[in-house]
Amino acid sequence: MEIVNKKNIERYLDNDWILAELKNINAKGSKVYTSDQWLMEDKAKRFIYHRVYRDFSKVSKDFKLLDIGGGLSTFSHSFLSHLAYEIVDTCNHETNQNIGRAVNELEKMTLSRSDWNEFQHSGTYDCVVANDIFPNVDQRVEEFLAKFLPVTKEIRMSLTYYNIPRTYKVKRVDGDEIFYIRPWDGLRLSHALNAFIDRIKNPCLDRLLLNPESVFANGRQVCIVQMKGDL
Ligand SMILES: C[S@@+](CC[C@H](N)C(=O)[O-])C[C@H]1O[C@@H](n2cnc3c(N)ncnc32)[C@H](O)[C@@H]1O
């Protein structure tokens, strides 16, 4: 378990291989999707990607990777093209035109456009990744873990929380009500993770309660968690 901080990002920037690759993709005139754009613009996101995905470069072609909320990305498609790469994503950040184009052009990935909770997985996985979806975009962390831990060797997540006051004004999509929602803080997240403590690599839940200087403009904190699955 690792809390993302300024120092480890600076160390990563000594060899910012993701930005170099993104510049190559741009120079070739390939399509840039929203997740590519975020990587280009945000060094903290590149560091997190490096930590979560880097060692997949060494795995064999029968390695099965399921990416929950993985987004569409020409960079990921090229970096992970040697393995069996499956994405489950509702594609909230892409137009239908872009989604159609990705399905045609990014032929080495399998996309299920679905809520992960509705998704019917077939078989088992070597790793399930959830990068930047829980618990900020989707608060169902415990349900996600209960669904996927039994069918994978490992789960890797980057988890966003706020140890500063923050409120989202949100509108129900199936009603008129407007809610003011508090995103999770470190205490709430540590309670959720505590139920899985025996599976977490190098746990340090007490550090979730601290509020070091944020590396993001919106003040968020991010921790990266690796968990052992049942397989
Ligand atoms: C903040 S983005 C992160 C995307 C990508 N992992 C990245 O780091 O660039 C969250 C992603 O989760 C997807 N998403 C949100 N709710 C989802 C759900 N219930 N099931 C599947 N995907 C979902 C969104 O469409 C979006 O692509």
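Let me sum up the structure you'll find in this document.

Reading guide: rules and limits
Residues numbered from 1 in each chain as written. Predicted model: local features only at pLDDT ≥ 70, side-chain atom pairs only at ≥ 80, totals over all residues. Heavy atoms only, no water. Helix = DSSP H or I, 4+ residues; strand = E, 2+ residues; numbered from the N terminus. Rg over C-alpha atoms; globule rule 2.2 N^0.38 Å. Buried < 20%, exposed > 50% of the residue type's maximum accessible area, 1.4 Å probe, protein only. Contact = heavy atoms within 4.5 Å. Areas by Shrake-Rupley, 256 points an atom, 1.4 Å probe, with all protein chains shown as cover. 1 Å grid on protein atoms, 1.4 Å probe; cavity = no way out; pocket = protein on both sides within 12 Å on 5 of 7 lines; lining within 4 Å. Points joined across faces, edges and corners; volume = space filled by probe spheres on them. Nonpolar A, V, L, I, M, F, W, Y, C, P; charged D, E, K, R; others polar. Salt bridge = Lys/Arg side-chain N within 4 Å of Asp/Glu carboxyl O. Axes fitted to C-alpha atoms, helices over the stretch in contact; angles between N-to-C directions. Parallel < 35°, antiparallel > 145°, perpendicular 65-115°, else oblique. Near = heavy atom within 4 Å. Polar contact = N/O pair within 3.5 Å; in protein donor to acceptor, adjacent residues only side chain to side chain. Sits in = over half its atoms within 2 Å of the grid points. Phe/Tyr/Trp six-rings, centres within 6.5 Å; stacked < 30°, edge-to-face > 60°. Lys NZ or Arg CZ within 6 Å of the ring centre and 35° of its normal.

### Considerations on the overall build of the chain
Here's step 1: In terms of helices and strands, the chain carries eight helices and nine strands.
Here's step 2: Its C-alpha atoms give the chain a radius of gyration of 18 Å, within 12% of the compact-globule value 17 Å for 231 residues.
Here's step 3: The principal-axis extent of the C-alpha atoms belonging to the chain is close to 45 × 45 × 40 Å.
Here's step 4: Sorting the 231 residues of the chain into buried and exposed places 48% on the buried side.
Here's step 5: At a minimum sequence separation of 6, the contacts of the chain that also span at least 24 residues come to 70%.
Here's step 6: Element-wise, carbon and sulfur atoms account for 48% of the exposed surface of the chain, whose accessible area totals about 11900 Å².

### Thoughts on the layout of surface pockets
Here's step 1: Taken as a whole, the largest pocket spans an internal volume of roughly 1100 Å³.
Here's step 2: Element by element, the count of residues in the lining of the largest pocket is highest for helix 3 (residues 34-41), at five residues.
Here's step 3: For the lining of the largest pocket, the class distribution of residues is 15 nonpolar, 16 polar and eleven charged.
Here's step 4: Looking at the second largest pocket, it is lined by 13 residues, and the ones nearest its centre are Glu2, Arg51, Lys201, Ile224 and Gln226.
Here's step 5: In terms of residue class, the lining of the second largest pocket is built from four nonpolar, three polar and six charged.

### Examining the pattern of salt bridges
Here's step 1: Counted under the stated rule, the structure contains 15 salt bridges.
Here's step 2: For arginine 172, the salt bridge identified is with glutamate 177, shortest N-O distance 3.2 Å.
Here's step 3: A relative accessible area of 45% places glutamate 177 in the partly exposed class.
Here's step 4: Here aspartate 230 and arginine 199 are joined by a salt bridge, their closest N and O atoms 2.7 Å apart. Residue aspartate 230 is found in the segment after strand 9 (221-228), and its partner arginine 199 is found in the loop between helix 8 (186-194) and strand 9; the two are separated by 31 residues along the sequence.

### Considerations on empty space enclosed by the protein
Here's step 1: Scanning the model with the defined rule gives one cavity of 30 Å³ or more in all.
Here's step 2: Empty space within the largest cavity amounts to approximately 40 Å³.

### Describing the packing of helix 3 against helix 4 (residues 43-53)
The axes of two packed helices give the description: the angle between them and the distance between them.
Here's step 1: Close contact between helix 3 and helix 4 brings their axes to 5 Å; oriented N to C, the two are set at 110 degrees. Classified by the interaxial angle, the pair formed by helix 3 and helix 4 is roughly perpendicular. For the pair helix 3 and helix 4, the contacting residues are Trp38, Leu39, Met40 and Glu41 in the first and Lys43, Lys45, Arg46 and Tyr49 in the second.
Here's step 2: Considering only residue class, the contact of helix 3 with helix 4 consists of four nonpolar, no polar and four charged.

### Section: the site of the ligand
Here's step 1: Taken together, 21 residues lie around the ligand, and Lys45, Gly69, Asp89, Asp115 and Asn131 are the ones closest in.
Here's step 2: Here an oxygen atom of the ligand and a side-chain polar atom of aspartate 89 are 2.6 Å apart.
Here's step 3: Separating a nitrogen atom of the ligand from a side-chain N or O atom of threonine 90 is a distance of 3.2 Å.
Here's step 4: Coverage of the ligand by the protein amounts to 92% of the 590 Å² it exposes when considered alone.
Here's step 5: Its atoms largely coinciding with the cavity grid, the ligand occupies the largest pocket.
Here's step 6: Grouping the constituent residues of the shell around the ligand by class yields six nonpolar, nine polar and six charged.

### So, the packing of aromatic side chains
Here's step 1: Inspection of the entire model under this criterion finds 14 aromatic pairs.
Here's step 2: Here the aromatic rings of tryptophan 116 and phenylalanine 134 are separated by 5.7 Å at their centres, their planes lie at 75 degrees, and the arrangement is edge-to-face. Pair noted here: tryptophan 116 is in the loop between strand 4 (109-112) and strand 5 (127-131) and phenylalanine 134 is in the loop between strand 5 and helix 7 (141-148), with a separation of 18 residues, a long-range link. Both residues of the pair, tryptophan 116 and phenylalanine 134, belong to the buried class.
Here's step 3: In textbook terms, an aromatic cluster arises when at least three aromatic residues are bridged by ring pairs, as seen for Trp17, Tyr49, Tyr53, Phe56, Phe63, Phe75 and Phe79.
Here's step 4: Lying over the aromatic face of tryptophan 17, arginine 54 brings its terminal NZ or CZ to 4.4 Å of the ring centre.
Here's step 5: The positively charged end of lysine 64 is found above the aromatic ring belonging to tyrosine 125, 5.1 Å away from the centroid.

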